[in-house]
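# Analysis of the macromolecular model
Single-letter residue listing:
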Amino acid sequence: MKPIIITVDGWSSCGKSTMARQLARELSYVFIDSGAMYRAITLFFIRHQVDLNDPQSIVAALSKIQLAFHLNPINGNNEIWMNGENVEASIREMSVAQMVSQVAAIKEVRAFAVAQQQQIGSNKGIVMDGRDIGTAVFPEAELKIFMTASIPVRVQRRYQELLPKHPQITMEEVKENLENRDYLDSTRSISPLRKAEDAMVLDNSHLTQEEQLALALSWAREKINH
Ligand code: DC
């Protein structure tokens, strides 16, 4: 059977990566979290105090960034490495979350990330999640999924995720960060977040992980078998 490309786009914290990872596992496909690439770039910019208003510094910084995904044999996840360092945990910090949408809106940053995403997907057999994967990175993808969930559900999920490492965090802070990112991601001039016309909508506000996976799998198998 011919491998296909599956794109999973949608709003922040609606479970895209969880679903995309499970879907890839079921199909024995590669899973790529494109948001991790923008987060890693942001982490580098923070560490090296790159001026976001200076295109020359941005280009110089990007030339020093090497990104790669490596399978972690312990948890079976495809984790992101930057310049030889596993940054999978560091990129989930609030400091990165607060700046990533601004960094992801920069033209040079998008060109850098998109070129690598297209290269990674060139052999197909891939599930990639993000914001512009079905609209800009792989507009010809065989299956496009657009995920959404209500704001209270997304805030609650993200809050539970952050709480163990950030016991001081409030629901209000989480909501503000989430809404702010959604706003920036959907209003930026280059490849804003939007549903591709031919994308299947998956609203998981009232679905369990098993239910949403079953739905996505049925769509994927239909495409793969045709
Ligand atoms: O999926 P995530 O929350 O880890 O993504 C982090 C940020 O990266 C998100 O706020 C927007 C940006 N992003 C993007 O602009 N395009 C993508 N394909 C993936 C993420």
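The structure contained in this document is the topic of the report that follows.

### A closer look at the pattern of salt bridges
- As enumerated under the stated definition, the model contains 13 salt bridges in all.
- Across the salt bridge formed by Arg 92 and Glu 88, the nearest N and O atoms sit 2.8 Å from each other.
- On the basis of relative accessible area, Arg 92 is assigned to the partly exposed category, the value being 29%.
- Its salt-bridge partner being Asp 198, residue Lys 144 comes within 3.2 Å of it at the nearest N-O pair. Remark: Asp 198 occurs in the loop between α8 (171-187) and β8 (200-203) and Lys 144 occurs in strand β7 (residues 143-148); sequence separation between them is 54 residues.
- Members of the salt-bridge network, linked through shared partners, are Asp 33, Glu 88 and Arg 92.

### Describing the sheet that holds strand β2 (residues 30-33)
- If you trace the five strands from one edge of the open sheet to the other, you get β2-β6-β1-β7-β8, paired in parallel fashion. Whereas interior strands pair on both sides, the edge strands pair on one side only; in this sheet they are β2 and β8. Geometrically, the sheet is characterised by an average inter-axis angle of 20° between neighbouring strands, direction not taken into account.
- Bridge count for β2 against strand β6 (residues 126-130) is four bridges, and the pairing is parallel. Paired with Asp 33 across the bridge in β6 is Asp 129.
- Contacting β1 (5-10), β7 and β8, helix α9 (residues 209-225) runs over the sheet at an angle of about 165° to β7.

### Side note on the sheet that holds strand β5 (residues 85-86)
- If you walk across this open sheet you meet the three strands as β3-β4-β5, and the pairing is antiparallel. Edge strands, defined here as strands with exactly one partner in the open sheet, are β3 (67-71) and β5.
- In the packing of helix α2 (residues 34-47) onto the sheet, contacts are made with β3, β4 (78-82) and β5, and the angle to β4 comes to roughly 30°.

### With respect to the site of the ligand
- Around the ligand, a shell composed of 15 residues is seen, among which Arg 39, Arg 110, Asp 132, Arg 181 and Arg 188 lie nearest.
- The side chain of Ser 34 places a nitrogen or oxygen atom 3.0 Å from a nitrogen atom of the ligand.
- The side chain of Arg 131 places a nitrogen or oxygen atom 2.9 Å from an oxygen atom of the ligand.
- When the free accessible area of the ligand is taken as 450 Å², the share hidden by the protein chains comes to 96%.

Quick notes on the rules
Residues numbered from 1 in each chain as written. Predicted model: local features only at pLDDT ≥ 70, side-chain atom pairs only at ≥ 80, totals over all residues. Heavy atoms only, no water. Salt bridge = Lys/Arg side-chain N within 4 Å of Asp/Glu carboxyl O. Buried < 20%, exposed > 50% of the residue type's maximum accessible area, 1.4 Å probe, protein only. Helix = DSSP H or I, 4+ residues; strand = E, 2+ residues; numbered from the N terminus. Pairing = 2+ DSSP bridges. Axes fitted to C-alpha atoms, helices over the stretch in contact; angles between N-to-C directions. Contact = heavy atoms within 4.5 Å. Near = heavy atom within 4 Å. Polar contact = N/O pair within 3.5 Å; in protein donor to acceptor, adjacent residues only side chain to side chain. Areas by Shrake-Rupley, 256 points an atom, 1.4 Å probe, with all protein chains shown as cover.

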